Every structure is written in C-alpha cells, then in structure tokens.
Amino acid sequence: MIDQQDFDVFKDPTLAGRLVLIRSQVDPKFEQIGARYATQFTQQSQFQFYVHIAKHLRRHKNPPPDTWLAIGEGKRGYKMLPHFEIGLWPNALFIWLAYLAEVDQKPVYAAKLATLPNLYPDLTTSGLMLAQDHTQQ
C-alpha cells in the first residue's frame, strides 16, 4: 500500500505543497491502514481503539519532516495514552509503540510491558530500533 511515491512527498520543499501531497496522497492510505488496525485491535481486546491522523495544524512556516497516524484508546486524542504510531520519514516507514510525556501512570504501563515476552531479543539483526524520542529519526 505504501510505495515510493508516498516517500517522495517529502521532496516538495514548501509547506503548502507538502501538505497538499500529504493530505491527497498519504492520508487516504493512512485512513485505510488505521481503520484496519483499529478494528483488529478492538476485536482482539476489550477496548475500543480510535484512529488519529496527523493534521500538522501548528505548522505555519516549515514543512513537516514526517507524517503519521496514531491508533489508541483515546477518542479525543492520542497523546495522553500509550498508542501505536505508523508513519513516514523521507527514507523510512516507522511503527512505534509510543509513550509520550503526556501519559499518566507510566509505572503502571511499564509493569504491563515488562510482562510481555521479549519478541525481539536481538534488535541489531532484526532491523528494529528502540528510540528514546519518537520525533527523531
């Protein structure tokens, strides 16, 4: 579904141009991806999941360096709860399990994560990375 043309939106150096390309080309794909995974997560859990697609509303000068969708339990927003982010940098697709600064009860969520099996014991050979800052590539 995501192809090279979607990464090429980042070649437009202007804010207006890049936003038009993101909204017309990438966001419709994000809507499909988000709907699929939100439905799947909802069916496999006891919780309702919602999709939030980045709108880049606070951008007034510089074009966004990336774009994403968030899938989480927050109906009115995603930052206050752990959530999944699927998005694009100019050179990579990323999928994060994100815990932002706005998340309350971090120790409770950390304890739950600690009970999960280590699915990727050797991140260096799997191609996966852990990041301390989800805004940095």
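It should be emphasised that the depicted structure is a prediction, and the values quoted were computed from it without experimental measurement.

Here's the deal with helix α2 (residues 15-44)
A bend of about 40 degrees at Val 26 is the largest found in α2, and the proline Pro 28 appears one to four places after it. Structurally, the start of α2 carries an N-cap: the backbone nitrogen of Gly 17 is 3.0 Å from a side-chain oxygen of Thr 14.

Some details on the side chain of His 52
Its place among the elements puts His 52 in strand β1 (residues 50-53). Within the structure, His 52 has its side chain in polar contact with the backbone oxygen of Gly 74 (distance 2.7 Å). Among residues more than four places away in sequence, those in contact with His 52 are Trp 68, Leu 69, Ala 70, Gly 74, Lys 75, Arg 76, Gly 77 and Tyr 78.

A word on the confidence of the model for the protein
Put simply, the protein has an average pLDDT of 88, and 84% of its residues get 70 or more. Looking at the elements of the protein, mean pLDDT is at its lowest for helix α4 (residues 123-126), recorded as 56, and at its highest for β1, recorded as 98.

Conventions used here
- Residues numbered from 1 in each chain as written.
- Predicted model: local features only at pLDDT ≥ 70, side-chain atom pairs only at ≥ 80, totals over all residues.
- Heavy atoms only, no water.
- Bend = angle between axes of the 7 residues up to and from the residue.
- Helix = DSSP H or I, 4+ residues; strand = E, 2+ residues; numbered from the N terminus.
- Polar contact = N/O pair within 3.5 Å; in protein donor to acceptor, adjacent residues only side chain to side chain.
- Contact = heavy atoms within 4.5 Å.
- pLDDT = per-residue confidence, 0-100.

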